[in-house]
Amino acid sequence: MKKLLALLLALALCLGLGATALANGEDAVLVLPDLGSWLGSAGELLTQNEFGVSYIVTDEGINTLYGYMTLLTENYPVEFSRWEDGASGTAHYLYYTGSETLSLGKPDELGRPLALLIVYSKNKLDDYLIELLVPDAVVFEDSGQRYDPAVTYTMPALQEPTPQEPAVSGPVIPDAWAFFNEEVTHEDESIENGTKAVFGFDPAHAAAAYEYVDLLENGGFGLTLADTVGQEWSNGDSTHYYFFDCPGQDVAPVEDYVPDVRDDVSGAVLLQINDWPSYGWCDVIIQYSEDLTVVDTGDRSSVTGLVDLREYKSGPMGGKGPRTGDADYTMRVGESLRLDCPRRFGANTEQFRWAVDEGADLVSLEGEISASATVTARAPGRVVVSVVYDHSYDTTDILTGNDTYGFAAPTYYFIIEITG
């Protein structure tokens, strides 16, 4: 029994499922028949916790499980299309086929949200154990239907997997933040016709970057790898460029200049990997068209444990999201305000990029590439100004003890309230 509970816990963490809402149906997306009520005298509740429930059945054995699975697949929006035998029992996977947009846990490789996991096994006393693992949007209610020992049930037929339709229409790009297992933050900025997102993590996990390239090329998103070029150096460092088109779609291209490799390049997605282990970092620079929608497609890198080398923000990729909180400054229309970028003492190189993220029509901005910028209020409202501080500094390699250089590009935000 302990092995089964450990299996359920491990699967809960692996699948990213939340606690079950067994006692609260306020936020329920899927209501299923209560297993205990269905079993009646054929089963006895063994455990109930935030991950699910377990029942012990004796004389009826697996017939009770097959009956419950038949009840689910014939009367509820779930399909049975996967099962696995393991040392701790047999796991049966049932997927949600409803139309609601709320996810029931991280989807599988086909984008299907898992409805519930049933683990069935036999213990040393020849008792049969049925374990249910459910996401937090599933609740159980007594459906009034009961297990009938006079009926011989069979395991429902496996269904062909039904892919989950994308939540948006039009061309998409997988969210790299989600693909990197949500372990690294990112910086973004607006560019002509699109967005530039930059991720920075430790070079020991650079394979994750190349997996993302493979996802773009082979993930079925309508992106075609038009060309790739690269540079490799004798110390093991390399830089690789990947240029993607989106044929058959009306997608405005983004453009860039690639020094020493190619002059001007353009495409739906331009991706650069700076795989520089001798410097201690791996940069992934993704420039993508404004006509591509960032979507968490459910795909995840097999590489985990990425070490974030910079302090940017969380996902979704390319979306700054709303900035909340009290205003840092209050101005009147016609007044000007000087904003200073927080700077690192002793920085070797510095670059500044100021922008108005919210309320661009309410202010004018001067000094976009200086250490200080001036904001002049033009109309009442709320304004958010940001500055990206890209700088290098002297540091010591923690592995070798040798002197080296560190790089960082934090983003600072200033909230301004303008009155009449």
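Source: prediction; values computed, not measured.

### Considering empty space enclosed by the protein
Working step 1: A full pass over the atoms with the stated rule returns 1 cavity of 30 Å³ or more.
Working step 2: Empty space within the largest cavity amounts to approximately 50 Å³.
Working step 3: Taken together, Tyr 241, Phe 243, Asp 256, Val 258, Leu 270, Leu 271, Gln 272, Ile 285 and Gln 287 make up the full set of residues lining the largest cavity.
Working step 4: Counting residues per element, the lining of the largest cavity draws most heavily on strand β16 (residues 269-276), at 3 residues.
Working step 5: Among the residues making up the lining of the largest cavity, the classes are represented as 6 nonpolar, 2 polar and 1 charged.

### A look at the side chain of Gln 272
Working step 1: Mapped onto the secondary structure, Gln 272 falls in strand β16.
Working step 2: In terms of polar contacts, Gln 272 uses its side chain to reach the side chain of Asn 274, at 2.9 Å.
Working step 3: Not counting chain neighbours up to four residues away, the residues in contact with Gln 272 comprise Thr 239, His 240, Tyr 241, Asp 283, Val 284 and Ile 285.

### What about the pattern of salt bridges?
Side chains carrying opposite charge are able to pair once their charged atoms draw close together.
Working step 1: Evaluation of the coordinates by the stated rule reveals 6 salt bridges.
Working step 2: Note that Arg 382 is salt-bridged to Glu 358, the shortest N-O span being 2.9 Å. Placement of Arg 382 in strand β24 (residues 381-396) and of Glu 358 in strand β21 (residues 349-358) is noted, with a sequence separation of 24 residues between them.
Working step 3: According to the relative accessible area criterion, Arg 382 is partly exposed, its value standing at 28%.

### Concerning the sheet that holds strand β17 (residues 281-289)
By way of backbone hydrogen bonds, the strands of a sheet pair with one another, either parallel or antiparallel.
Working step 1: One open sheet holds the 6 strands; their spatial order is β10-β11-β17-β16-β13-β12, and the pairing between them is antiparallel. Because the sheet does not close on itself, it has two edges, and the strands there are β10 (187-191) and β12 (224-232). Strand-to-strand twist of the sheet, defined as the mean angle between neighbouring strand axes without regard to direction, takes the value 15 degrees.
Working step 2: Its contacts with the sheet put helix α5 (residues 207-218) on β11 (194-201), β12, β13 (238-245), β16 and β17, and the angle it makes with β16 is roughly 160 degrees.

### Brief notes about the nonpolar core
In a soluble, globular protein the nonpolar side chains are often hidden away together inside.
Working step 1: Counting residues in each nonpolar core, the largest one holds 35 residues, and the members touching the most others are Phe 180, Phe 199, Tyr 212, Val 269, Leu 271 and Ile 286.
Working step 2: Those residues in contact with Phe 180 that lie beyond four places of it in its chain are Phe 199, Phe 201, Ala 208, Ala 209, Tyr 212 and Leu 306.
Working step 3: Counting 32 residues, the second largest nonpolar core, distinct from the first, contains Ala 42, Leu 65, Ala 115 and Phe 140.

### Remarks on the pairing of strand β7 (residues 128-133)
Working step 1: With 5 of 6 residues buried, β7 is to be regarded as a mostly interior element.
Working step 2: With 6 bridges connecting them, strand β3 (residues 52-57) and β7 associate as antiparallel partners. What sits directly across from Val 53, in β7, is Leu 132.
Working step 3: In this structure, strand β6 (residues 114-122) lies alongside β7, joined through 6 bridges in antiparallel fashion. Counted as the bridge partner of Ile 118 is Leu 132 from β7.

### Thoughts on unusual backbone geometry
Working step 1: The backbone phi angle of Asn 181 is positive, close to 60 degrees, even though this residue is not glycine.
Working step 2: Topologically, Asn 181 is positioned in the loop between α4 (176-179) and β10.
Working step 3: The partly exposed category is assigned to Asn 181, whose relative accessible area is 21%.
Working step 4: A positive phi is found at Glu 182, a non-glycine position, where the angle reads about 55 degrees.
Working step 5: Checked against the element boundaries, Glu 182 lands in the loop between α4 and β10.

Parameters and conventions
- Residues numbered from 1 in each chain as written.
- Predicted model: local features only at pLDDT ≥ 70, side-chain atom pairs only at ≥ 80, totals over all residues.
- Heavy atoms only, no water.
- 1 Å grid on protein atoms, 1.4 Å probe; cavity = no way out; pocket = protein on both sides within 12 Å on 5 of 7 lines; lining within 4 Å.
- Points joined across faces, edges and corners; volume = space filled by probe spheres on them.
- Helix = DSSP H or I, 4+ residues; strand = E, 2+ residues; numbered from the N terminus.
- Nonpolar A, V, L, I, M, F, W, Y, C, P; charged D, E, K, R; others polar.
- Polar contact = N/O pair within 3.5 Å; in protein donor to acceptor, adjacent residues only side chain to side chain.
- Contact = heavy atoms within 4.5 Å.
- Salt bridge = Lys/Arg side-chain N within 4 Å of Asp/Glu carboxyl O.
- Buried < 20%, exposed > 50% of the residue type's maximum accessible area, 1.4 Å probe, protein only.
- Pairing = 2+ DSSP bridges.
- Axes fitted to C-alpha atoms, helices over the stretch in contact; angles between N-to-C directions.
- Core = buried A, V, L, I, M, F, W, Y, C linked by side-chain atoms within 4.5 Å.

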